[in-house]
Amino acid sequence: MNTLSNRINAIEESATLAMAAKAREYKNRGLDVINLSLGEPDFKTPQHICEAAKKAIDEGKYFAYPPVAGYQDFREALAAKYQKENNVPYKAENIIVSNGAKQSIANAMLALLNPGDEVIVFSPYWVSYDALIRISEATPVIVKGSIENDFKVTAAQVEQAITKKTRALIFSSPCNPTGSVFSRKEIEAIASVVLKHENLLVIADEIYEHINFTGDSLSIASLPGMFERTITVNGFAKGFAMTGWRVGYIGAPKWIADGCNKIQGQLTSANCSIAQRAALAAVTGDQAPTRKMVEEYRNRREIVYNLLKEIPGVKSNFPQGAFYFFPDVSSYFGKSDGTVTIANDFDLCMYLLDKAHVSLVPGGAFGDDRCIRLSYAASEKELREALKRMKEALQKLR
Ligand code: GLU
């Protein structure tokens, strides 16, 4: 009687959202918790974007259902962005606007995957890739990157993982949780493997596009032959501090965009009308606030990296994008402060939440249980305090 579907039983709760909820619960109990679990900019949405939303309300024109795929002028603006910034010739007909990049990925998977299909996932991966593949009744095939190679999976590893059942690979650069950015050469090598296999598609998650400290970014869809093979996912949450507005989008070959449109028409209809008008102002307006936020993240990355280095037994790469660290903390496993013994990543996160009041996410949810994820989308003051508390709490483990 009380049995949920196999689909639900096959997935875990989103660990990022679960840890954020835990942090909120501790805060409500009056505890001074520093929340570094959720990947959420601590900045406010830039003023001109908020003004556009207010204007849209006052105009009184945006109260009805928008077209499922998004307003035409917004889709045109997104296509123009892809042409200008990413060198991918999408037109409005290739664009579908959704309720966040997460829904964009879900739409694409539901539109393309059949039971038995395999999807290659580079590990460490964002928590929801694995779950969304399972919800689509396909099979995730995890390919592991190592910390020595900045957590990046190589083209040779991709080649080895491909079988007759492989339908897609999901690729993200800059990557959540590792902050790794694939170089042009690495992306070209992966694309050339993909092109050798007729039915293989790439879901390219470019949500962290703007938060890239290398100065070099490349959309895989812009490479020769890859337009037809790629679903390029993006959104406004990270680059424009618009997490709550829920605006994501894809650029994809028309047949795939049409499939996503069909799914979305049955699941949610269009994205919120006012949020779309705000996001239109974001994509067409002044990009200076985004650049300013990125400089701030760059500064914080430096601070956190140096403070992490001061904690014995913590091993980290130097992330080139996004706003996360994904340090290996496994040297603490098996240790105890006299009362609590740390068996794994989850125990360590709970220990740090209980003793240091710092909220982080266990790395197992991202495919590597030797690590924990720390989001540095928090103020410098909070970051310094959090790292100090973490160091003190970890020193007690022997
Ligand atoms: N993408 C962000 C994160 O990884 C937001 C939460 C989520 O949707 O997972 O923390």
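This section reports on the structure supplied with the text.

**Describing helix α6 (residues 127-135)**
- For α6, a buried count of seven out of nine residues is recorded, marking the element as mostly surrounded by other parts of the structure.
- Within α6, the full set of buried residues consists of Val127, Ser128, Tyr129, Asp130, Ala131, Leu132 and Ile133.
- Packing partners of the buried residues in α6 comprise α2 (15-28), α5 (101-112), β3 (118-123), β4 (139-144), β5 (166-172) and β6 (201-205).

**Details of the sheet that holds strand β12 (residues 372-375)**
- Taken together, three strands build an open sheet; the order of strands is β9-β12-β11 and the sheet is antiparallel. Either end of the sheet is taken by a strand with one partner, and the two such strands are β9 (324-325) and β11 (361-362).
- Sheet topology places β9 next to β12; two bridges connect them, and they run antiparallel. For Phe325, the partnering residue across the bridge sits in β12 and is Leu374.

**Here we look at the pattern of salt bridges**
- Applying the stated criterion across every chain, the model contains 22 salt bridges.
- In this structure, Glu385 engages Lys388 in a salt bridge whose closest nitrogen and oxygen atoms are separated by 3.9 Å. With a gap of three residues between them, Glu385 and Lys388 both fall in helix α13 (residues 380-395), about one helical turn apart.
- Because the salt bridges share partners, they merge into one network encompassing Asp32, Glu385, Lys388 and Arg389.

**Some thoughts on the pairing of strand β2 (residues 95-98)**
- Across the two faces of β2 the burial is the same, with Ile95 and Val97 and Ile96 and Ser98 all buried.
- Sheet topology places β2 next to strand β8 (residues 248-251); four bridges connect them, and they run antiparallel. The partner of Val97 across the bridge, within β8, is Tyr249.

So, how was this worked out
Residues numbered from 1 in each chain as written. Predicted model: local features only at pLDDT ≥ 70, side-chain atom pairs only at ≥ 80, totals over all residues. Heavy atoms only, no water. Buried < 20%, exposed > 50% of the residue type's maximum accessible area, 1.4 Å probe, protein only. Helix = DSSP H or I, 4+ residues; strand = E, 2+ residues; numbered from the N terminus. Contact = heavy atoms within 4.5 Å. Pairing = 2+ DSSP bridges. Salt bridge = Lys/Arg side-chain N within 4 Å of Asp/Glu carboxyl O.

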